[in-house]
Every structure is written in C-alpha cells, then in structure tokens.
Amino acid sequence: MTKPMIELHQVTLMRGEKLLLEDADFILPEGKTAVIHGPSGCGKSSLLCAIAGLFPVQAGVIRVDGLELTPRTASEIRCRIAYIPQEPLMCADHVKDALELPFTFKAHAGKKPDEKQMTEILEQLCLPSSILHRESLNLSGGEKQRVAIARAVLLGKTIFLADEITSSLDAESREAVQALLRSRNYTLLASSHDAFFLSSGDVLHYRLGNGKLLSEDKTPADDADDKGKMEVC
Amino acid sequence: MAAGSPIGITPLSLLWSYLLLLPPLFISWKWGLSINRKILTAAVRMTVQLYLMGYYLGWIFRLNSPWLNLAWISVMLIVANIASLRQRELSFRTLFWPTTIGNILVFFPTVGFFMLLVVQNTSPFAAQFLIPVAGMLLGNTMRGNTIALEHFFGELRRNPGEYTTRLLMGATPAEASQPYLYSAMRLTTLPHLAVMATVGIVAMPGMMTGQMLTGAVPMKAVMYQLALMIGVFACRFMAAFASLLCARQVAFDEFGILRPEVFYNAGGGKNGPKKQLSSGMNASSGKK
C-alpha cells in the first residue's frame with residue numbers, strides 16, 4: 001500500500017467561535033494530488049496551516065510523513081512541507097538571495113545549492129536564469145509562486161501545501177508546475193477556487209463547508225455510508 | 001560674571017523664568033489652540049516632580065550609603081521598566097521579568113565600568129556621581145527599550161508573513177525573528193546616532209549647558225558630555241539587545257507561534273493571533 005503522507009484523524013478546527021472542521025478523517029497517499037474546494041472563509045487555508053503547525057488543532061491527530069504533529073516534531077515536519085500561498089514572500093532583496101536564504105538556517109546548513117542547480121529548477125518552471133539577479137519587489141505574483149516552488153524543491157521538500165496557487169499562473173506556467181510536481185512524485189494538497197485542477201484526471205477532489213470535509217469523487221450513497229466524514233486511500 | 005563663576009540661582013530668579021510661559025499661554029488662548037490647560041499641568045507637574053527629586057536626592061547625597069545608592073538605582077531600574085512596558089500594548093505580566101533581567105545584565109556592568117574608569121572618584125558608589133550617571137543612562141536606556149520592544153512585537157503581530165515564511169523553511173523561532181530584531185535595533189539606535197552626529201552643531205547638550213552654568217570650563221564640560229553620550233549610547237544599545245533576546249525567549253509557544261499573552265490586549269480570542277499568522281503569509285503590497 002502507498003505510504004500515507006498527510007493524515008487527519010478526528011480533527012476539529014475552530015476560528016474563534018466558528019467551527020471550521022469537525023471530527024474530520026483524511027488520508028493523502030504519497031505522490032497524490034488532492035484539492036479542497038469551498039467558498040472563501042470556509043477554512044481551507046486554516047486547514048493547510050494546521051497541517052503545518054501554524055493553526056491550533058482543537059481535537060484529533062495530524063500526521064505528516066508518519067510523524068505526529070506535536071511541539072517536538074513541528075520543526076521536522078516543517079522541513080518536509082512546502083507551504084505556497086497566493087503571493088509568497090521572498091524575504092530577500094534579490095531572487096538568488098531568496099533561494100539561498102533557507103540554507104543560512106541551522107536546519108539546512110552546508111546544503112546550499114550552486115547556481116547551476118538553481119537555474120535548472122527555475123527553467124523547469126519556465127523562469128529564465130536571469131531572474132536570479134532580479135529584485136524580488138519586481139516579481140509578479142506568478143513568478144513569486146514559482147520561485148517559492150523552486151526554493152522548496154531545492155530544499156528537498158516532498159509535500160506541498162498550496163493555497164490558491166493557480167490563480168496567479170498562466171496556462172503554460174500551470175503546466176510547468178504540474179509537470180515538475182508529477183515528475184518528482186510529490187504529494188500535493190491544494191486549496192482552490194478555480195477549475196484548474198478539475199482538468200487533471202489524477203486529482204482527488206474534496207469540498208469543505210459546514211465543518212465537514214467531503215470527497216467529491218464519491219457518489220452520494222458513499223457519502224451517506226460515511227455519515228458525512230471523508231476518508232480516501 | 002567672570003568665566004568659571006557659578007550662577008547663584010535663587011527661588012526668585014527661578015520664578016522669573018516662569019514668566020516665559022506667558023507668551024505661549026497668550027498665543028494659545030488668542031488662537032484657540034486649547035492647550036493652555038496642558039501647558040499649565042505640565043509646568044506644575046514638572047515643578048513638583050523636580051522639587052521632590054531635589055529633596056530626596058539631597059537626602060540620599062547626605063546619607064551617601066553605598067547600599068542605599070545601589071538600592072536606589074535598582075528601584076529606578078524597576079520603576080522605569082514598569083513605566084516603559086505600561087505605556088505600550090505589551091503585556092507587563094509576560095515581559096516584565098525577561099526585560100528586567102536583560103536590563104540588569106547590561107545596566108549594572110555599564111554603570112560600574114563608567115564609575116570606575118571614567119568618573120574615577122575615590123568611591124565608585126558616591127551618591128553625588130553614581131545617582132546622576134545612573135539616572136542619565138537609565139532614562140535613555142528605557143526609551144530605547146520601549147522603542148525596540150514595541151517595534152519588534154508590533155511588527156511580528158502586524159506583519160507576521162516573513163516570520164512564518166522563514167519558520168516554514170525550517171528556521172527556529174530565533175532565526176525566523178531575526179529580521180524583526182535587526183529592524184528593532186536599527187530603529188532604536190539610528191535616532192540616537194543622529195543626535196551624536198549633530199551634537200555641537202545644531203544643539204547644545206543639556207548636561208553640558210548645566211555644567212557651564214554652574215561654573216565648569218567648557219572643555220571639561222565637553223569631556224563629561226562626550227563620555228556620557230558614549231556611555232548612554234552603549235548602554236541603550238546593549239540593553240535593547242539584551243531585552244529583546246530575553247523577551248524573545250518567552251514570546252513564542254511550543255509550535256513557534258507568537259503568544260497572544262505578549263500583548264496587553266491580545267484580541268481576537270484564543271485563536272486570533274494564530275489566525276493572523278496564517279493569513280499573513282501572503283505578500284502585501286510593497287513587500288518583497
């Protein structure tokens with residue numbers, strides 16, 4: 001059986017008094033892509049943040065790559081996860097510095113990639129090598145997303161949490177991102193408003209709303225059997 | 001009056017200086033600026049506070065007990081720290097001890113260094129020197145601390161994106177908060193450096209003026225002023241740095257998230273600040 005990379009067991013999330021997710025079960029196997037659909041404010045981003053240990057979990061257990069999310073493992077889990085928001089922060093003046101930044105941290109010390117490695121990844125994402133010397137302030141939203149993805153790939157991350165990433169990408173860039181993620185057997189959990197992922201056959205679809213996370217790949221009868229809870233393997 | 005003779009200020013001559021308040025009061029009244037009450041309140045408060053200070057300093061100077069002097073500057077340090085935390089949105093309960101420890105670690109060695117090597121009086125604990133020097137250092141140090149702490153935590157709260165982005169790239173909370181710390185240190189230091197760079201050109205330092213008015217020759221007053229300004233800068237810089245490092249130790253929870261308890265009014269309920277953190281990862285306009 002394929003290794004589960006992201007697991008939610010009876011997870012409940014709340015934002016203030018608002019219930020975002022109640023007793024949700026969810027398993028995403030290695031190399032799979034899952035997309036969570038739902039209206040703005042339903043808790044898609046909060047769920048992704050909870051998996052990264054950035055949003056409090058009221059109840060239940062989250063496991064990433066077999067590690068249960070606890071204060072002790074949060075840092076290790078974050079080293080395996082890449083969180084790509086709509087418009088990521090570069091945290092450096094130039095793109096090259098942005099790509100090298102995480103390698104100044106203790107967790108990645110001594111693993112700094114050379115310029116050739118950076119260029120290779122950037123080109124796979126339809127970005128020219130000259131972008132390395134561009135100022136971060138002058139990048140478009142889509143360019144920032146692809147630089148953030150390149151940074152995650154250089155860090156050797158294997159799990160991607162993508163928060164509405166496709167909204168800033170043109171068709172060619174979307175294809176490039178998808179091809180890169182597939183070629184390396186990455187696990188991707190994305191939240192999305194748009195239909196980009198719907199065109200891809202090998203994507204699992206879920207809908208988040210009213211505290212439930214429901215699979216859209218199942219029939220209504222299946223959902224009834226699950227009593228409103230969702231689990232996909 | 002001959003150079004080097006002190007001015008013999010009397011209560012009556014002091015009273016004349018208060019007449020200088022009349023033109024501002026008149027202008028404020030005539031133009032309807034509505035600050036007459038504030039001017040009068042500030043003048044009265046200043047007079048009462050400084051007279052009280054004159055009385056208790058006179059008492060401390062007469063006793064001249066090393067232990068009492070040390071106790072006095074310890075009380076000054078604690079009161080100043082309380083005042084600097086109470087003025088801002090920061091939580092006194094969470095940050096009092098870390099910032100006090102940071103200040104103690106810097107303040108006492110700096111004062112000791114200054115008294116032993118710069119003032120070089122027979123007794124480094126002499127009230128006449130120790131209390132004014134400690135007061136000068138402490139006043140500036142607390143202003144510096146207030147700016148540094150307010151900026152560090154304020155920015156982490158308002159713009160958490162860079163912190164969380166770095167955290168998600170594998171940084172420890174200390175590594176992730178580094179840009180906020182640098183920026184807080186720059187903010188608290190640069191205004192003071194600007195004063196140092198322009199002193200003597202566009203402004204006459206208060207302490208130096210006071211010394212000359214009491215009869216000191218200008219070059220002697222200049223030397224004291226230089227020594228004190230360097231001491232103030234060093235103490236302010238190091239105390240801000242130590243306070244930030246100590247406060248940072250208690251600022252994040254076990255997941256590396258900024259604790260709401262750091263702020264006097266956390267707001268947003270239990271999950272408020274964490275929600276802000278998660279939503280702050282997108283670049284806002286102008287952010288690189």
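Computed from a predicted model, the values in this text were never measured in an experiment. (Residues numbered from 1 in each chain as written. Chains lettered and ligands numbered in written order. Predicted model: local features only at pLDDT ≥ 70, side-chain atom pairs only at ≥ 80, totals over all residues. Heavy atoms only, no water.)

1. Overview of the sheet that holds strand S10 (residues 212-215) of chain A
All names here are of chain A.
Then step 1. Pairing is mixed across the open sheet formed by 6 strands, whose spatial order is S6-S7-S8-S3-S9-S10. Strand pairing shows two members of the sheet lacking a second neighbour, strand S6 (81-84) and S10, which therefore form its edges. Averaged over all neighbouring strand pairs, the angle between strand axes comes to 20°, with direction disregarded.
Then step 2. Here strand S3 (residues 33-37) pairs with strand S8 (residues 187-191) via 4 bridges, running parallel. Directly across from Val35, in S8, lies its bridge partner Ala190. (Pairing = 2+ DSSP bridges. Helix = DSSP H or I, 4+ residues; strand = E, 2+ residues; numbered from the N terminus. Axes fitted to C-alpha atoms, helices over the stretch in contact; angles between N-to-C directions.)

2. Here we look at the nonpolar core
Then step 1. If you look at the biggest cluster of nonpolar residues, it comprises 101 residues, and the most contacted ones within it are Ile51, Phe160 and Leu189 of chain A together with Phe153 of chain B.
Then step 2. Looking at this core, the element that brings in the most residues is helix H5 (residues 141-154) of chain A, giving 7 residues.
Then step 3. Filtering out sequence-adjacent residues up to four positions away, Phe153 of chain B remains in contact with Leu90, Leu95, Ala247, Ala251, Leu258, Val262 and Phe263 of chain B. (Core = buried A, V, L, I, M, F, W, Y, C linked by side-chain atoms within 4.5 Å. Buried < 20%, exposed > 50% of the residue type's maximum accessible area, 1.4 Å probe, protein only. Contact = heavy atoms within 4.5 Å.)

3. Observations concerning the pattern of salt bridges
Residue and element names in this part refer to chain A.
Then step 1. This model, assessed by the stated rule, comprises 14 salt bridges over all chains.
Then step 2. Glu87 is the partner of Lys144 in a salt bridge, and the nearest nitrogen-oxygen pair spans 3.1 Å. On the criterion of sequence distance, the pair formed by Lys144 in helix H5 and Glu87 in the loop between S6 and helix H3 (95-100) is long-range, its members being 57 residues apart.
Then step 3. In this structure, Glu100 engages Lys112 in a salt bridge whose closest nitrogen and oxygen atoms are separated by 3.9 Å. With Glu100 in helix H3 and Lys112 in the loop between H3 and helix H4 (115-124), the pair connects residues that are 12 residues apart, well separated along the chain.
Then step 4. Taking relative accessible area as the criterion, Lys112 reaches 52% and is therefore assigned exposed.
Then step 5. Members of the salt-bridge network, linked through shared partners, are Lys3, Asp65, Glu76 and Arg80. (Salt bridge = Lys/Arg side-chain N within 4 Å of Asp/Glu carboxyl O.)

4. Digging into the layout of surface pockets
To find leftover empty space, one rolls a probe the size of a water molecule over the atoms.
Residues and elements named next belong to chain B.
Then step 1. Space inside the largest pocket adds up to approximately 960 Å³.
Then step 2. Together, 27 residues line the largest pocket, and Met53, Tyr56, Met76, Gly135 and Gly139 are the ones closest to its centre.
Then step 3. Every element with two or more residues in the lining of the largest pocket is listed here: helix H3 (36-63), helix H4 (66-86) and helix H6 (127-158).
Then step 4. A class-by-class count of the residues in the lining of the largest pocket yields 17 nonpolar, 8 polar and 2 charged.
Then step 5. The residues that make up the lining of the largest pocket include at least three from each of domain 1 (10-63) and domain 2 (64-287). (1 Å grid on protein atoms, 1.4 Å probe; cavity = no way out; pocket = protein on both sides within 12 Å on 5 of 7 lines; lining within 4 Å. Points joined across faces, edges and corners; volume = space filled by probe spheres on them. Nonpolar A, V, L, I, M, F, W, Y, C, P; charged D, E, K, R; others polar. Domains from an automatic or database assignment.)

5. Some remarks on the domain arrangement of chain B
Residue and element names in this part refer to chain B.
Then step 1. According to the domain assignment, chain B consists of domain 1 (10-63) and domain 2 (64-287).
Then step 2. Spacing between the C-alpha centres of domain 1 and domain 2 amounts to 29 Å.
Then step 3. Domain 1 puts 7 residues into the contact, and the matching count from domain 2 is 9 residues.
Then step 4. Broken down residue by residue, the surface that domain 1 buries against domain 2 is led by Ile60, Phe61 and Leu63, which jointly contribute 77%.
Then step 5. Our count for the contact surface shared by domain 1 and domain 2 stands at 0 salt bridges.
Then step 6. Run the count over domain 1 and domain 2 and you get 3 residue pairs in polar contact (both at pLDDT 80 or more).
Then step 7. Taken together, the residues of the side of domain 1 that touches domain 2 sort by class into 6 nonpolar, no polar and 1 charged. (Buried area = accessible area lost by both parts, 1.4 Å probe. Polar contact = N/O pair within 3.5 Å; in protein donor to acceptor, adjacent residues only side chain to side chain.)

6. Notes on the packing of aromatic side chains
Each aromatic ring pair is specified by the distance between its two centres and by the angle formed by the two planes.
Residue and element names in this part refer to chain B.
Then step 1. According to the stated counting rule, one finds 10 aromatic pairs over all chains in the structure shown.
Then step 2. Plain terms: the ring middles of Tyr163 and Phe252 are 4.9 Å apart, the flat faces sit at 10° to each other, and that makes the pair stacked. Taken as a pair, Tyr163 in helix H7 (residues 161-168) and Phe252 in the loop between helix H11 (218-251) and helix H12 (272-279) lie far apart in primary sequence, 89 residues in all.
Then step 3. Ring plane angle 40° and centroid distance 6.0 Å describe the contact between Phe233 and Phe237, whose orientation is recorded as tilted. Here the residue Phe233 and the residue Phe237 both occupy positions in helix H11, the gap between them amounting to 4 residues, near one helical turn.
Then step 4. A residue is classified by how much of its surface remains accessible, and Phe237, at 35% relative accessible area, is partly exposed.
Then step 5. Counting every residue linked through ring pairs, the aromatic cluster contains Phe92, Phe96 and Trp97.
Then step 6. Here Arg157 stacks its cationic end above the ring of Phe263, 4.1 Å away from the centre of that ring. (Phe/Tyr/Trp six-rings, centres within 6.5 Å; stacked < 30°, edge-to-face > 60°. Lys NZ or Arg CZ within 6 Å of the ring centre and 35° of its normal.)

7. Some remarks on empty space enclosed by the protein
Then step 1. Across all of its chains, the model carries 4 cavities of 30 Å³ or more by this definition.
Then step 2. Volume-wise, the largest cavity comes out at about 160 Å³.
Then step 3. As for the largest cavity, its lining consists of 15 residues, and the residues nearest its centre are Tyr83, Ile84 and Arg151 of chain A together with Thr165 and Met169 of chain B.
Then step 4. With 4 residues, S6 of chain A is the largest single contributor of residues to the lining of the largest cavity.
Then step 5. Across the lining of the largest cavity, the residue classes break down as 12 nonpolar, 1 polar and 2 charged.

8. Here's the deal with unusual backbone geometry
Then step 1. In this model, Asp65 of chain A sits at a positive phi of 50°, which is unusual for a non-glycine residue.
Then step 2. On the secondary structure map, Asp65 of chain A appears in the loop between strand S4 (59-64) and strand S5 (67-68).
Then step 3. Residue classification places Asp65 of chain A among the buried positions, given a relative accessible area of 14%.
Then step 4. Located in the positive-phi region is Asn64 of chain B, a residue other than glycine, with phi close to 50°.
Then step 5. Note on Asn64 of chain B: relative accessible area 38%, which makes it partly exposed.

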